[in-house]
Amino acid sequence: MTHLHLIAGARPNFMKIAPLIREIQKYPEQISYSLIHTGQHYDSAMSDVFFKELGIPDPDEHLDCGGGSHGEQTAKIMVAYENLALKDRPDFVVVVGDVNSTLACSIVAKKLNIKVVHIEAGLRSGDREMPEEINRLVTDAISDLYFVTEEAGRDHLLREGQSEDIIHYVGHVMVDNLFFQVAKLEKGDELVPISSDYKSKHEKYGVITLHRPSNVDEPETFQDLAEALKKISKDLPLVFPVHPRTRQKMEEFGIDLGERVTLLDPQGYMEFLNLWKDAVVVLTDSGGLQEETTALGIPCLTLRENTERPVTVSEGTNQLMGVDVVKILAAASKIIEGTTKEGKCPKFWDGKASERIVAAILASL
Ligand code: UD1
C-alpha cells in the first residue's frame, strides 16, 4: 500500500485536490491518503465552503498556520508539517500550484527524503517579484515527479535540467473539477443552492477579481485600475467578489468603484461559477480564472503584465492587458460590442487529468 499526503492550504488548492481525491478513491487496495490542510486560508468563505461544495472530505490533519508575513507563514507551516511527516512518513507528498503551502511542504518532504509530486508544475511568469514565481521555482527544483498543464511547463522544466521521463503532460486537474461542477450546476443539484441574486437583476454583466499584491498593494496602480473599471461599468455593470486583503486595501486607499460595480464578499465556488460562466467578460489578476475562462470560452482580460499560463493567450480567450487603462478600456469596449477573440480548449483539458496523474503515480511505484 502506497501512502500519500495531499497538501491543500489556500483557496486555489481546494478545487485541484477535489478531483484527485475522487480518482485516488478508486484504488483503495493500492493507495491510501491523508488530506492535510495547512490553514493558510482560514476564513470560512475562503476555505470551509469549498470543502462542502466540492465534496472534499474533512482534512485528516489541520495545521492551523494562517496569517503572517510570507516568511512567518512559510516557517510556521514547515515546523508543523515536519512534525506530522516525521510521524506519518508518507511515500509521496503531493503538492499543487504555487502557494506558500506548496513551497513549505515540498521543502520539508524533500529534506526527509520523501518523494515530492508537483501538480501544475513548470509554469513561469518570468517575474521574480511575484511571490508565487519563487514558490514555483523552488518547488520545481526539488520535486521528483512533475505534472504539467501545458507545453510551456514541460519546456521550462527541461530547460532547468529536469529529465524528460519524470515530466508528464496530463492536462489540468482544475479543469476536471470545473467540468464536474458545471455538470452539477446544470443538473440543478439541490445540494448546491444558488442565490442568483445578482444575475436575476442583471441580464448582461462583467465579473472582476483582484488580489495580486502588485495590483492592490500599490495605491497608484489600484487607483488606475479602479478608474478603468469604473469607466467600463458605465457600459456594462460589473460584479466584484472581494478578497479579504483587497477589501483591507480598498479601505486603506479610499478606493471608490462607483455605483455600477457591485461589491460582494468572497463567493463559494458554485456561486462564483454561476456568476462568471455567463459573464460578458471577466477582468482578473487570478491565475486559475485565466484558465477556467479559456476552458469555458468566456472572454478574459488579465490585468497583469505577464502570465505564467501562456496557452490561455495563444489558444484560449485570454488577453494580457497589464495595468494600461487605455488598453483595458479599448479591449473591454470591443468585447461589449460583441467582437470577441475566438478561443479553443487546450489539448488534454478534457476532465481526465486526475486519471492520468493517478495512473502515472501507480506506474512509478
Ligand atoms: C494566496 C496565494 C495566491 C493565491 C491566493 C488566492 C501565496 C503566496 N499566495 O494569496 O497565489 O492566488 O492565495 O486567494 O500563497 N486573509 C484573510 N482570510 C483568509 C486568508 C487570507 O483575511 O482566509 C488575509 C489576511 O490578511 C492574510 C492575507 O489575506 O494575511 C494574505 O493571505 P495569504 O494566504 O498570505 O495570501 P493571498 O493573498 O490570499
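Residues numbered from 1 in each chain as written. Predicted model: local features only at pLDDT ≥ 70, side-chain atom pairs only at ≥ 80, totals over all residues. Heavy atoms only, no water.

What follows deals with a negative patch on the surface. A cluster of like negative charges, contributed by Asp58, Asp60, Glu61 and Asp88, occupies part of the molecular surface. When you line up the elements, glutamate 61 lands in strand E3 (residues 61–62). (Patch = residues over 30% accessible without salt bridge, like charges linked within 9 Å, V, L, I, M, F, W, Y side chains within 5 Å. Areas by Shrake-Rupley, 256 points an atom, 1.4 Å probe, with all protein chains shown as cover. Salt bridge = Lys/Arg side-chain N within 4 Å of Asp/Glu carboxyl O. Lys, Arg positive; Asp, Glu negative; His and termini not counted. Charge placed at Lys NZ, Arg CZ, Asp CG, Glu CD. Helix = DSSP H or I, 4+ residues; strand = E, 2+ residues; numbered from the N terminus.)

Another point: the domain arrangement of the protein chain. If you check the domain split of the protein chain, you get domain 1 (2–171 + 349–364) and domain 2 (181–337). Taking only C-alpha atoms into account, the centre of domain 1 sits 26 Å from that of domain 2. The partner domain 2 presents 21 residues to the 23 residues of domain 1 that form the contact. Per-residue buried area on domain 1 facing domain 2 is highest for Glu53, Glu150 and Trp349; these three make up 30% of the total on that side. Put simply, domain 1 and domain 2 have 3 salt bridges between them. Summed over the shared surface of domain 1 and domain 2, the number is 8 residue pairs in polar contact (both at pLDDT 80 or more). Residue assignment for the side of domain 1 that touches domain 2 shows that the elements contributing at least two residues are helix H1 (11–24), helix H2 (48–53) and helix H5 (131–142). The greatest single-element share of the side of domain 1 that touches domain 2, amounting to 3 residues, is contributed by H2. Among the residues making up the side of domain 1 that touches domain 2, the classes are represented as 10 nonpolar, 3 polar and 10 charged. (Domains from an automatic or database assignment. Contact = heavy atoms within 4.5 Å. Buried area = accessible area lost by both parts, 1.4 Å probe. Polar contact = N/O pair within 3.5 Å; in protein donor to acceptor, adjacent residues only side chain to side chain. Nonpolar A, V, L, I, M, F, W, Y, C, P; charged D, E, K, R; others polar.)

Another point: the site of the ligand. For the ligand, the set of nearby residues contains 20 residues, the closest of which are Gln40, His41, Glu132, His211 and His243. Histidine 41 has a polar side-chain atom sitting 2.7 Å from an oxygen atom of the ligand. Note that an oxygen atom of the ligand is positioned 2.9 Å from one of the backbone N or O atoms of asparagine 100. Put simply, the parts of the chain that give the shell around the ligand at least two residues each are H1, helix H3 (70–88), H5 and helix H11 (244–253). With 3 residues, H11 is the largest single contributor of residues to the shell around the ligand. A breakdown of the residues in the shell around the ligand according to their chemical character gives 5 nonpolar, 9 polar and 6 charged. (Near = heavy atom within 4 Å.)

This part covers unusual backbone geometry. The phi torsion at aspartate 64 lies on the positive side, around 55 degrees, for a residue other than glycine. Relative to the elements of secondary structure, aspartate 64 occurs in the loop between E3 and H3. Of the residues examined, aspartate 64 reaches a relative accessible area of 61% and is grouped as exposed. One non-glycine residue, glutamate 120, adopts positive backbone phi at about 80 degrees. For glutamate 120, the position within the fold is in the loop between strand E5 (115–119) and H5. (Buried < 20%, exposed > 50% of the residue type's maximum accessible area, 1.4 Å probe, protein only.)

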